[in-house]
Amino acid sequence: MTQLLNADLHCHSVVSDGTLTPEALAERAKGNGVELWALTDHDEIGGLQRARDAAKSQGMGYLTGAEISVTFLHQTVHVVGLGFDADNTDLREGLRRTRGGRQERAMEMADGLAKVGIKDAYEGALKFVGNPELISRTHFARFLVESGVCKETNEVFRKYLTEGKPGYVPHRWALLKDAIHWITGAGGMAIIAHPARYKFTPNEEFALFTEFKGHGGQGVEVVTGSHSVAEFGIYAHTAKEFGLAASRGSDFHSPDESHTELGTLPPLPAGLTPVWELLSARIQ
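Residues numbered from 1 in each chain as written. Predicted model: local features only at pLDDT ≥ 70, side-chain atom pairs only at ≥ 80, totals over all residues. Heavy atoms only, no water.

A.B. asks: Looking at this structure, I do not really get the packing of helix H4 (residues 102-114) against helix H6 (residues 137-146). What am I missing?
C.D. replies: Each pair of packed helices gets described by two things: the angle between the helix axes and the distance between those axes. For the pair H4 and H6, interaxial distance at closest approach is 11 Å and the crossing angle is 35 degrees. Relative to H6, the crossing made by H4 is right-handed. Residue-level contacts link Arg105, Ala106, Met109, Ala110 and Leu113 of H4 to Arg137, Phe140 and Leu144 of H6. In terms of residue class, the contact of H4 with H6 is built from 6 nonpolar, no polar and 2 charged. (Axes fitted to C-alpha atoms, helices over the stretch in contact; angles between N-to-C directions. Helix = DSSP H or I, 4+ residues; strand = E, 2+ residues; numbered from the N terminus. Left-handed = near helix turned anticlockwise from the far one by under 90°. Contact = heavy atoms within 4.5 Å. Nonpolar A, V, L, I, M, F, W, Y, C, P; charged D, E, K, R; others polar.)

In structure tokens, the structure reads:
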């Protein structure tokens, strides 16, 4: 498998905060020329069997996947796991614990919104949730758009759901080392998702990659939907600096919300080791 393989190894279904079923995502990916696909729902692997069956029916290669929420230096960082054994007990239990705090957090978010006159936000957000265990800011954002408070989800985040705004409630996620150990212990590869999105200083980012590598992390998303062309180059350099494999994924959530369509990203920059080369034995 070459560097030019059309692999999309990061997207979300209704099982977490996407709007399409695993089957619809697989069909959409295939229609856009994807050859190797992974569903990476947040802290959840409940859609993987459906995704595997759908990928097989579409004639695509398939890797198991999940995106795990981690707290590092008081920020939320996402670690994508690929190619793991989805029946692994430690992984399943770790994901269950990570999901556990979301409902309590969601109720606190609704309380904050109520104080600025936005009533019944918890119930409103639930209408957009496929899995109540995974209620998130995205579901609140969709409710505020539907109810006319804001025109689009990005506006909701700016005005209500980021730090210092009325609906923001921080969450303590998994530890970085725990997330990596769950993934690698289940035979998979841990990958830092969309690193340009984090607001770290250069020293803090160096600490993230150093600790990630030290705990057994092996990859970084170089080409992803939220990265600019310049950032493709920056994180290609980071991959080489830390000896990490490079991943590629759109982070697609919804036809109406996502700027990058499944399977439409440019290829990885030259000179990198694609994660799928190291995961070739795990492709189904």
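A.B. asks: Would you explain the nonpolar core in this entry?
C.D. replies: A general tendency of soluble globular proteins is for nonpolar side chains to be buried together. One finds Leu9, Trp37, Val222 and Val275 to be the most contacted residues of the largest nonpolar core, which totals 69 residues. In terms of nonpolar packing, the next biggest core, distinct from the first, is built from 20 residues, Met109, Ile118, Phe140 and Phe157 among them. (Core = buried A, V, L, I, M, F, W, Y, C linked by side-chain atoms within 4.5 Å. Buried < 20%, exposed > 50% of the residue type's maximum accessible area, 1.4 Å probe, protein only.)

A.B. asks: Whenever I open this one, the sheet that holds strand S3 (residues 61-62) confuses me. Can you help?
C.D. replies: The strands making up a sheet associate through hydrogen bonds between their backbones, and the pairing can be parallel or antiparallel. Pairing in this open sheet of 3 strands is parallel, and the strands run S1-S2-S3 from one edge to the other. Edge positions in the sheet fall to strand S1 (7-8) and S3, since each has one partner strand and no second. Relative to S3, strand S2 (residues 36-37) is paired through 2 bridges, and the arrangement is parallel. The partner of Leu36 across the bridge, within S3, is Gly61. (Pairing = 2+ DSSP bridges.)

A.B. asks: Quick question: what am I supposed to make of the sheet that holds strand S9 (residues 245-249) here?
C.D. replies: Read from one edge of the open sheet, 6 strands run S6-S4-S5-S7-S8-S9, paired in mixed fashion. The open sheet has two free edges, formed respectively by strand S6 (174-175) and S9, since each of these has just one partner strand. Alignment of strand S4 (residues 65-72) against strand S5 (residues 75-82), held across 8 bridges, turns out to be antiparallel. By the bridge assignment for S5, Ser69 is matched with His78.

A.B. asks: What is the right way to read the layout of surface pockets from this model?
C.D. replies: Any empty space left between the atoms is revealed when a probe the size of a water molecule rolls over them. Of the pockets and cavities examined, the largest pocket occupies roughly 1,800 Å³. A per-element tally of the lining of the largest pocket places H6 first, with 4 residues. Residue composition of the lining of the largest pocket, by class: 9 nonpolar, 24 polar and 15 charged. The calculated volume of the second largest pocket comes to roughly 280 Å³. As for the second largest pocket, its lining consists of 18 residues, and the residues nearest its centre are Ile45, Leu48, Ala86, Asp87 and Arg92. Contributions of two or more residues to the lining of the second largest pocket are made by helix H2 (48-58) and helix H3 (89-99). By residue class, the composition of the lining of the second largest pocket is 5 nonpolar, 5 polar and 8 charged. (1 Å grid on protein atoms, 1.4 Å probe; cavity = no way out; pocket = protein on both sides within 12 Å on 5 of 7 lines; lining within 4 Å. Points joined across faces, edges and corners; volume = space filled by probe spheres on them.)

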